Amino acid sequence: MNKDQVGGNWKQFKGKVKEQWGDLTDDDMTVIEGKRDQLVGKIQERYGYEKDRAEKEVGDWETRNDYRW
């Protein structure tokens, strides 16, 4: 996989995440940069969810989008 492919995959990932959790900002996405635990933490922070709920939402999203970290 070359640099352009990686960049394109990251843009697709960001777009899908922001479709699901629109309150996440571009700055949040910069912090997350493909790290699942960072995504869970930002969802907790932005939406006021407990960790278990954020984990479940991310797990459900991964299943629907066939995403692997």
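Residues numbered from 1 in each chain as written. Predicted model: local features only at pLDDT ≥ 70, side-chain atom pairs only at ≥ 80, totals over all residues. Heavy atoms only, no water.

Asker: For this particular structure, what's the right way to read the side chain of Glu57?
Answerer: By the element assignment, Glu57 lies in helix α4 (residues 51–65). In this structure Glu57 touches Gln20, Trp21 and Tyr49, once residues within four positions along its chain are discounted. (Helix = DSSP H or I, 4+ residues; strand = E, 2+ residues; numbered from the N terminus. Contact = heavy atoms within 4.5 Å.)

Asker: I'm lost on the packing of helix α3 (residues 36–47) against α4 in this one. Help?
Answerer: Helix-helix packing is described using two parameters, namely the angle between the two axes and the distance between the axes. Interaxial distance between α3 and α4 falls to 9 Å at its minimum, and their mutual angle equals 125 degrees. The pairing of α3 with α4 is recorded here as oblique in orientation. Here α3 and α4 pass one another in a crossing that is right-handed. Between α3 and α4, the contacting residues are Arg36, Leu39, Val40, Ile43 and Gln44 on the first element and Lys51, Ala54, Glu55, Val58, Gly59 and Glu62 on the second. Here the residues of the contact of α3 with α4 are counted per class, giving five nonpolar, two polar and four charged. (Axes fitted to C-alpha atoms, helices over the stretch in contact; angles between N-to-C directions. Parallel < 35°, antiparallel > 145°, perpendicular 65-115°, else oblique. Left-handed = near helix turned anticlockwise from the far one by under 90°. Nonpolar A, V, L, I, M, F, W, Y, C, P; charged D, E, K, R; others polar.)

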